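Each chain is listed here by its residues.
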Amino acid sequence: KQEVTQIPAALSVPEGENLVLNCSFTDSAIYNLQWFRQDPGKGLTSLLLIQSSQREQTSGRLNASLDKSSGRSTLYIAASQPGDSATYLCAVTGAGGGNKLTFGTGTQLKVEL
Amino acid sequence: ETGVTQTPRHLVMGMTNKKSLKCEQHLGHNAMYWYKQSAKKPLELMFVYSLEERVENNSVPSRFSPECPNSSHLFLHLHTLQPEDSALYLCASSPAKLAGGPADTQYFGPGTRLTVL
């Protein structure tokens with residue numbers, strides 16, 4: 001059974017700092033990996049999707065990497081801003097497809113002024 | 001806004017009540033999902049519908065009953081719930097026509113915060 005772990009569970013950084021969020025998964029047979037953002041009281045917003053054949057994806061200040069063989073992904077946020085404060089969730093889709101996402105418990109990020 | 005709406009946003013109900021959660025997507029998608037998000041636990045997939053046919057029931061208790069009358073609407077009927085069912089219930093949709101097909105991005109609604117007394 002696939003298990004997804006995110007470390008740290010919570011993180012507080014000053015504005016402007018570069019930071020890395022970590023995600024690990026136990027079964028490397030994945031179809032893709034996604035990073036989501038969840039604001040308090042709201043649903044999830046997809047940030048980046050990395051196919052299993054890819055190594056990284058970039059969107060603005062966000063860069064996600066994938067090392068499928070070691071079961072790891074990182075989300076790099078450059079020049080953090082208070083608006084980046086949210087919970088970041090990592091989710092993988094198994095190689096069988098079917099769009100069944102297995103989620104981690106998330107990293108709660110707070111960027112302080 | 002993601003194009004997926006959920007009502008109500010908040011719901012408080014007793015264990016003997018019957019209520020329904022509603023989800024509507026305006027994206028022309030073919031697959032819809034119900035997830036449960038409990039405190040300190042990962043999101044759990046509950047049900048998947050593809051072209052209005054249920055293709056996944058992830059060992060969910062029968063007190064949760066989904067309904068998908070068309071590809072734009074999804075309901076979750078609730079009956080005799082337990083306090084441990086209190087959680088955020090999220091609906092999502094994706095373009096995929098078949099649950100067994102290629103994975104694609106899911107678009108989530110804002111969720112319904114459910115409290116069972």
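Looking at the overall build of chain B
Across its full length, chain B carries zero helices and 11 strands. Counting from the amino terminus, helix and strand elements in chain B follow one another as β-β-β-β-β-β-β-β-β-β-β. A globule of 117 residues ought to have a C-alpha radius of gyration of about 13 Å, and chain B, at 13 Å, matches this closely. With respect to the principal axes defined by its C-alpha atoms, chain B has extents near 40 × 30 × 30 Å. Counting only residues that meet the buried cut, chain B has 47% of its 117 residues in that class. In chain B, 56% of the contacts between residues at least 6 apart in sequence involve partners at least 24 apart. Carbon and sulfur atoms make up 51% of the accessible area of chain B, which amounts to about 5,500 Å² in all.

Observations concerning the state of the cysteines
In the structure shown here, the tally under the stated rule is two disulfides over all chains. Between Cys23 of chain A and Cys90 of chain A runs a disulfide, and the two sulfur atoms are separated by 2.0 Å. One disulfide, between Cys23 of chain A and Cys90 of chain A, carries an S-S torsion of -60 degrees and so falls in the left-handed class. Taken together, the residues span a long stretch of sequence, with Cys23 of chain A in strand E3 (residues 19-25) and Cys90 of chain A in strand E9 (residues 86-94) at a distance of 67 residues. Here Cys23 of chain A matches Cys90 of chain A in class, with each residue buried. There is a disulfide in this structure between Cys23 of chain B and Cys91 of chain B, and the S-S distance comes to 1.9 Å. Where Cys23 of chain B bonds to Cys91 of chain B through sulfur, the torsion about that S-S bond is close to -70 degrees, and the disulfide is left-handed. Of this pair, Cys23 of chain B sits in strand E3 (residues 18-25) while Cys91 of chain B is found in strand E9 (residues 87-94), placing the two residues 68 residues apart along the sequence. In terms of burial, Cys23 of chain B and Cys91 of chain B fall into one category: buried.

Examining the sheet that holds strand E8 (residues 73-79) of chain B
All names here are of chain B. A sheet is described by the order of its strands in space; here four strands give the open sequence E1-E3-E8-E7, paired in antiparallel fashion. Looking at the sheet topology across the chains shown, the edges are occupied by strand E1 (4-7) and strand E7 (64-70). Taken pair by pair, the neighbouring strands of this sheet meet at an average axis angle of 20 degrees, ignoring direction.

Regarding unusual backbone geometry
Of note, the bond from Ile7 of chain A into Pro8 of chain A is cis; its omega dihedral lies within 30 degrees of zero at 0 degrees. Inspection of the secondary structure assignment puts Pro8 of chain A in the loop between strand E1 (4-7) and strand E2 (10-14). With omega at -10 degrees, the peptide bond leading from Thr7 of chain B into Pro8 of chain B counts as cis. As for its position among the elements, Pro8 of chain B is in the loop between E1 and strand E2 (10-13). Phi at Ala79 of chain A is positive, roughly 45 degrees, even though this residue is not glycine. Relative to the elements of secondary structure, Ala79 of chain A occurs in the loop between strand E8 (72-77) and E9. Taking the relative accessible area as the measure of exposure, Ala79 of chain A reaches 36% and is therefore partly exposed. Even without being glycine, Lys40 of chain B reaches a positive phi, approximately 65 degrees. Looking at where Lys40 of chain B falls in the secondary structure, it is placed in the loop between strand E4 (31-37) and strand E5 (44-50). Judged by relative accessible area, Lys40 of chain B falls into the exposed class, the value being 83%.

Topic: the environment of Ser59 of chain B
Residues and elements named next belong to chain B. Checked against the element boundaries, Ser59 lands in the loop between strand E6 (53-57) and E7. Residue Ser59 is classed as exposed on the basis of its relative accessible area of 72%. Between the alpha carbons of Ser59 and Phe47 there is a distance of 9.1 Å; along the sequence they are 12 residues apart.

Things to note about the pattern of salt bridges
Proximity of charged atoms lets side chains of opposite charge pair with each other. Residue and element names in this part refer to chain B. Overall, the coordinates contain five salt bridges over all chains when judged by the stated rule. Put simply, Lys41 and Glu44 hold a salt bridge, and the shortest N to O gap is 3.7 Å. With relative accessibility at 45%, the residue Lys41 sits in the partly exposed group. Salt-bridge contacts for Arg63 lead to Asp85; the nearest nitrogen and oxygen are separated by 2.7 Å. On the criterion of sequence distance, the pair formed by Arg63 in the loop between E6 and E7 and Asp85 in the loop between E8 and E9 is long-range, its members being 22 residues apart. Among the residues examined, Arg63 registers a relative accessible area of 22% and is labelled partly exposed. Under the relative-accessibility criterion, Asp85 is labelled buried at 3%.

Parameters and conventions
Counting from 1, residues in each chain are numbered in the order their sequence is written. Chain labels run from A onward and ligand labels from 1 onward, assigned in the order the entries are written. Residues qualify for local features only when their pLDDT is at least 70, as the model is predicted, and side-chain atom pairs are given and counted only at 80 or more; totals for whole chains, interfaces and linings, by contrast, use all residues. Calculation of side-chain values draws on the structure's entire complement of heavy atoms; hydrogens and water are dropped beforehand. Put simply, DSSP H or I for four residues or longer makes a helix, DSSP E for two residues or longer makes a strand, and each gets a number counted from the N terminus. Atoms counted for the radius of gyration: C-alpha only. Globule rule: 2.2 Å times residue count to the power 0.38. To sort residues, take the accessible area from a 1.4 Å probe on protein chains only and compare it with the maximum for the residue type: under 20% means buried, over 50% means exposed, and anything in between is partly exposed. Here, residues are in contact when the closest pair of their heavy atoms is within 4.5 Å. Here, Shrake-Rupley sampling with a 1.4 Å probe gives the accessible areas, and only protein chains in the shown set may cover a residue. Throughout, disulfides are identified as pairs of cysteine sulfur atoms within 2.5 Å of each other. We treat two strands as partners when DSSP finds at least two bridges between them. Every axis corresponds to a line fitted to the C-alpha atoms, with the helix fit spanning only the stretch in contact, and the corresponding angles, defined between N-to-C directions, vary from 0 to 180 degrees. By salt bridge we mean one thing: a side-chain nitrogen of Lys or Arg within 4 Å of a carboxyl oxygen of Asp or Glu.

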